[in-house]
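Spelled out from the first residue to the last, the chains are:
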Amino acid sequence: MNDLILHDLQTRYTCKRYDPNRKVPEEKLQILYEALRLTPSSINSQPWKFIVIASDNAKHRLYNTFTEPYHFNRQHVLDSTVTILFAHNPKYTLEDYAKVVEKMIQDGRLAPEKRDRALQSFRFARMHTDENGFNGHWTKAQLYLALGNAYHTLARLKVDSTALEGIDVKRVEEEFKGELNGFACHVALCVGYHHETDYNAKLPKSRLAHGSIFLHL
Ligand SMILES: Cc1cc2nc3c(=O)[nH]c(=O)nc-3n(C[C@H](O)[C@H](O)[C@H](O)COP(=O)(O)O)c2cc1C
């Protein structure tokens, strides 16, 4: 089991060229979506939304948002199977949290009489909220847990991916304004299978040495 974990993390890599003729089977995509849904977050806030760009029309809408210096990323959107827009709520409110608490009651996780007490956990969100109601730094941190979770899940599924912070945030948010409905999108994830000419597939993994990033006290 430990071997499997490290093998997954050593063999996954950032795909730099996708094979447009190889598509990820739907059942694997469904596992990915469920893994995203199961991602943990502070106070179980789940301040996110995942917009799956799968149709030709949606892919072209996203493709057309790319500007310099990010043009090198745009072909992935057409050649991969899907690109997921990872979006976070920049102004997560008590009303948003109330929906989570209701779902916890519905799922049998929380007794109905404990609703008010559970809502008090929102104070941990409030700590990260400024006078304008902005708590996007905090909600974006939660969203990146979902990104990490996606990476590991895809490695297990032997599916390739590319995280893209190299997007024109303003243009993406403008193009998908209706779907985002006030959420912010700073990162996307392309999911597919690499092309045999993908140079990155053959490069060795490179990371800082354990000794330079860990302190064992
Ligand atoms: C949040 C995030 C954003 C990234 N954005 C891009 C990107 O826009 N384009 C790209 O080609 N790679 C992008 N990468 C890939 C990183 O450069 C890559 O993960 C890193 O160099 C380690 O290489 P590996 O993923 O092959 O192990 C991104 C990675 C992360 C985690």
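Because the structure is predicted, anything quoted here is derived from the model rather than measured.

What counts and what doesn't
Residues numbered from 1 in each chain as written. Predicted model: local features only at pLDDT ≥ 70, side-chain atom pairs only at ≥ 80, totals over all residues. Heavy atoms only, no water. Axes fitted to C-alpha atoms, helices over the stretch in contact; angles between N-to-C directions. Helix = DSSP H or I, 4+ residues; strand = E, 2+ residues; numbered from the N terminus. Parallel < 35°, antiparallel > 145°, perpendicular 65-115°, else oblique. Contact = heavy atoms within 4.5 Å. Nonpolar A, V, L, I, M, F, W, Y, C, P; charged D, E, K, R; others polar. Buried < 20%, exposed > 50% of the residue type's maximum accessible area, 1.4 Å probe, protein only. Near = heavy atom within 4 Å. Polar contact = N/O pair within 3.5 Å; in protein donor to acceptor, adjacent residues only side chain to side chain. Areas by Shrake-Rupley, 256 points an atom, 1.4 Å probe, with all protein chains shown as cover. Phe/Tyr/Trp six-rings, centres within 6.5 Å; stacked < 30°, edge-to-face > 60°. Lys NZ or Arg CZ within 6 Å of the ring centre and 35° of its normal. Domains from an automatic or database assignment. Buried area = accessible area lost by both parts, 1.4 Å probe. Salt bridge = Lys/Arg side-chain N within 4 Å of Asp/Glu carboxyl O.

Attention now goes to the packing of helix α3 (residues 56–63) against helix α4 (residues 71–79). Closest axis-to-axis distance for the α3/α4 pair is 9 Å, and the angle between their directions is 175°. Taken as axis vectors, α3 and α4 run roughly antiparallel relative to one another. Mapping the contact onto sequence places Lys59, His60, Leu62 and Tyr63 in α3 and Arg74, Gln75, Val77 and Leu78 in α4. Considered class by class, the residues forming the contact of α3 with α4 number four nonpolar, two polar and two charged.

In this section: the side chain of Gln142. The residue Gln142 is located in helix α8 (residues 136–157) in this model. Look at Gln142 and you get buried, because its relative accessible area is 7%. If we skip the residues at most four places from it in the chain, Gln142 touches Ser41, Ser42, Ser45, Pro47 and Trp48.

With respect to spatial proximity, 15 residues lie near the ligand, and among them Arg12, Thr14, Lys16, Lys205 and Arg207 are the closest. Contact distances for the ligand include 3.0 Å between an oxygen atom and a side-chain N or O atom of Asn73. Protein chains bury 69% of the 620 Å² of accessible surface belonging to the ligand in isolation. Considering every element that reaches the shell around the ligand, the biggest residue donor is α8, with three residues.

Moving on: the packing of aromatic side chains. Applying the stated rule across the entire model yields five aromatic pairs. Among the aromatic residues, ring-to-ring pairing joins Tyr92, Tyr97, Phe122 and Trp138 into one connected group. The lysine or arginine in question, Arg12, covers the ring of Tyr151, its NZ or CZ lying 4.5 Å from the ring centre. When the ring centre of Tyr193 is taken as origin, the NZ or CZ atom of Arg22, which lies over that ring, is 3.9 Å away.

By the assigned domains, the protein chain splits into domain 1 (17–92 + 136–197) and domain 2 (94–128). With eight residues of domain 1 at the interface, the matching set in domain 2 holds nine residues. Regarding the contact of domain 1 and domain 2, the summed buried area is about 770 Å², with carbon and sulfur atoms giving 65% of it. Among the residues domain 1 hides against domain 2, the three largest losses belong to Ile43, Tyr92 and Trp138. Together they make up 74% of the total. Linking domain 1 to domain 2 there are zero salt bridges.

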